[in-house]
Amino acid sequence: REVRDAARRQRTSLNLACRQAARRAIQLQSGPGAYSRQSYVAETECSCQAYVQLGTPRHARQAFDRCGRKGSLWDIEDLVETSKSAGGCPYYTAHVLAGNADIVFCPHNYILDPAISQCRSHHRERWSLRGRVIVLDEAHNVEQGCREAGSVQVPLTELQQINVALAALPLRHPHLQLRAFGRDIRCREACDQLQRLPVRLADFLQQEGDHPLPHTGQQQQVLAGARRVWGLPGNPSVSEFACRAGLVDRGTLGHGMEELALELTDRVLRLQALGKAFAEDAVLLGWLTRLQELLMKLRLAASNVDAYVVAVFRETAPDGDRISLASWLMSPGLILDTFASTAHCVVLASGTLAPLAAIRTELMDSVAYMNRAEPQGPLEACHVVTPAQALLAIVTKLPASGNPIVTTFESWRSATFMMSLGEAIASLVEAIPGGVLCFFPSYSALEACVTTWKRVSGNESPSIGPWARLARAKAAIIVEPRSSEASPAACTSFMAGARSSSG
């Protein structure tokens, strides 16, 4: 919680806040004299003792005994439980283990978003996707995931804050040097070069933000509130945007700028470890992470102008007008190339990927897809459920009360809502002769409902209530366990129930 609070105060990513807290904890372990308490203001003094325990024999032994048994999978819930008892950090334990693992399960954005998949930060040095076999399950989400991974939106205020943070760093550390472009450069030169992009974009947005709104009926109005649009039919090209914004000028968007931002991040982190940093340096680290994302994604846009749409927005707010730049990727194949071109192979798998012609059209801009796709075409299995066997029914109101079904965050905390939902599910289960599979949005929602359904008030009979109705209707009720250790028992109960006459 302390790390999350520090990340929120410093407006930085949680991952970066974890890295800062980890370095401080290690330095504190070296003794009170090794860490300058005057280097940070009180609000940034946050250290992670769980990280210190990461390399202890006790944590390593318990992690292996619980999760590393032969024939078992490393489960994230098991890592959390092990870390609670051994005192280590489950987040970084997973980071370390992923480097040597044969199989790693992760969300799509860990693969699709270059800002994550190409990250070389703490404990990710061995995460390279080069030469890997990548299986993207639920691949019907890949198109949208690629578009989001290649898109970026940045307000003018953020660009101005990045400029201020970079301009102030050399004043705090005038003698700081770092290695870039094959030579040693001073902090002032490094910051001047990194300021090129945010300075030019900020000037550009201030100019374009004053552009009048297009007249109603013009094609620019397709994006409500947009002052200028590039890349849509009837509008200037993204090439013109890149020229006007100064993105095509040498030294603004090259790979070297991303490397320079990363090198400066590492140097500031070292200053923190040595106790020579200031509170403002922690804020700067957050802006450097944001700058790396802007450099990477705007370089993609400037290099693939036909695949992007760019717009400048100006919105009226109580505290003043807000100007922002949006760059949207329209061709998801570009992001596929960031990992598919060097991977051993990429498998797109999904039970709802058909019609396959649609995804082939979306990915045609991917050089890797066009050059490496199997010539015989995709493998498509026939559906085992015929259309005559399928029924899609949407329930919008709770049968008992007639109230609309609104599943907000507050709904899952309301006993009345959960009880009404349980009665509706019980009615459906009683009417269905075979087995029933019911999905919940999270473990917490599932557990809250089960607890509520089992609860019996003082004036009710134990045989009344959703849980009692479910138990009478079916031979077994299986609740998916959080821990993998409980999975075998749940599977045994499921098989027993499936073989019974009640189903």
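Residues numbered from 1 in each chain as written. Predicted model: local features only at pLDDT ≥ 70, side-chain atom pairs only at ≥ 80, totals over all residues. Heavy atoms only, no water.

In this section: the pairing of strand β1 (residues 133-136). Successive side chains on a regular strand alternate, one facing one side of the sheet and the next facing the other. Of the two faces of β1, the one holding I134 and L136 is buried and the one holding V133 and V135 is not buried anywhere. Pairing of β1 with strand β8 (residues 345-348), which is carried by 4 bridges, proceeds in the parallel orientation. Note on β8: the bridge partner recorded for I134 is V346. (Buried < 20%, exposed > 50% of the residue type's maximum accessible area, 1.4 Å probe, protein only. Helix = DSSP H or I, 4+ residues; strand = E, 2+ residues; numbered from the N terminus. Pairing = 2+ DSSP bridges.)

Turning our attention to helix α11 (residues 187-194). Listed in full, the buried residues belonging to α11 are C187, A190, C191, Q193 and L194. In a view along the axis of α11, the buried residues occupy a sector of 160 degrees, so they form one face of it. (Arc of directions from axis to C-beta.)

Further remarks concern the pattern of salt bridges. Applying the stated criterion across every chain, the model contains 18 salt bridges. Among the salt bridges present, the one from D113 reaches K297, with a minimum N-O distance of 3.7 Å. Of this pair, D113 sits in the loop between α7 (109-112) and α8 (114-117) while K297 sits in helix α15 (residues 279-303), and the two are 184 residues apart along the sequence. Both residues of the pair, D113 and K297, belong to the buried class. Between R244 and E208 there is a salt bridge, with its nearest N and O atoms 2.4 Å apart. Residue R244 is found in helix α13 (residues 238-244), and its partner E208 is found in helix α12 (residues 196-208); the two are separated by 36 residues along the sequence. Classification of R244 by relative accessible area gives partly exposed; the value is 45%. (Salt bridge = Lys/Arg side-chain N within 4 Å of Asp/Glu carboxyl O.)

Along the chain, the position of G88 falls in the loop between α5 (76-86) and α6 (90-100). C-alpha of G88 to C-alpha of A60: the two residues are 28 residues apart in sequence and 8.8 Å apart in space. The contacts of G88, once residues within four sequence positions are left out, are A50, Q53, H59 and S83. (Contact = heavy atoms within 4.5 Å.)

Strand order in the open sheet formed by 4 strands is β2-β7-β6-β5, with antiparallel pairing between adjacent strands. Strands with a single pairing partner mark the edges of an open sheet, and in this sheet they are β2 (152-155) and β5 (226-230). Direction aside, neighbouring strands of the sheet carry axes that sit 10 degrees apart on average. Across the sheet, α15 touches β2, β6 (308-315) and β7 (322-329), and the angle it forms with β2 is around 125 degrees. (Axes fitted to C-alpha atoms, helices over the stretch in contact; angles between N-to-C directions.)

Here E138, not a glycine, exhibits a phi torsion of approximately 50 degrees, which is positive. Among the secondary structure elements, E138 is positioned in the loop between β1 and α9 (142-150). Given a relative accessible area of 40%, E138 falls into the partly exposed group. A positive phi is found at F181, a non-glycine position, where the angle reads about 55 degrees. Mapped onto the elements of the fold, F181 is located in the loop between β3 (177-180) and β4 (183-186).

This part covers the packing of aromatic side chains. Inspection of the entire model under this criterion finds 7 aromatic pairs. Between F204 and F241, the ring centres sit 5.5 Å apart and the planes meet at 70 degrees, which makes this aromatic pair edge-to-face. Separated by 37 residues along the polypeptide, F204 in helix α12 and F241 in helix α13 bring together distant segments of the chain. With respect to burial, F204 and F241 carry one shared label: buried. Put simply, the rings of W412, F417, F440 and W453 pair up and form one aromatic cluster. (Phe/Tyr/Trp six-rings, centres within 6.5 Å; stacked < 30°, edge-to-face > 60°.)

Let us now look at the nonpolar core. Membership of the largest hydrophobic core comes to 74 residues, with the highest contact counts inside it found for L166, L197, F241, L264 and F339. Ranked by residue count, the leading element in this core is α15, at 10 residues. Every residue in contact with L264, bar those within four places of it in the chain, is listed here: L166, L169, L176, L178, C191, L194 and L288. Core analysis: the next-biggest nonpolar cluster, separate from the first, contains 14 residues, I425, V450, W453 and L470 among them. (Core = buried A, V, L, I, M, F, W, Y, C linked by side-chain atoms within 4.5 Å.)

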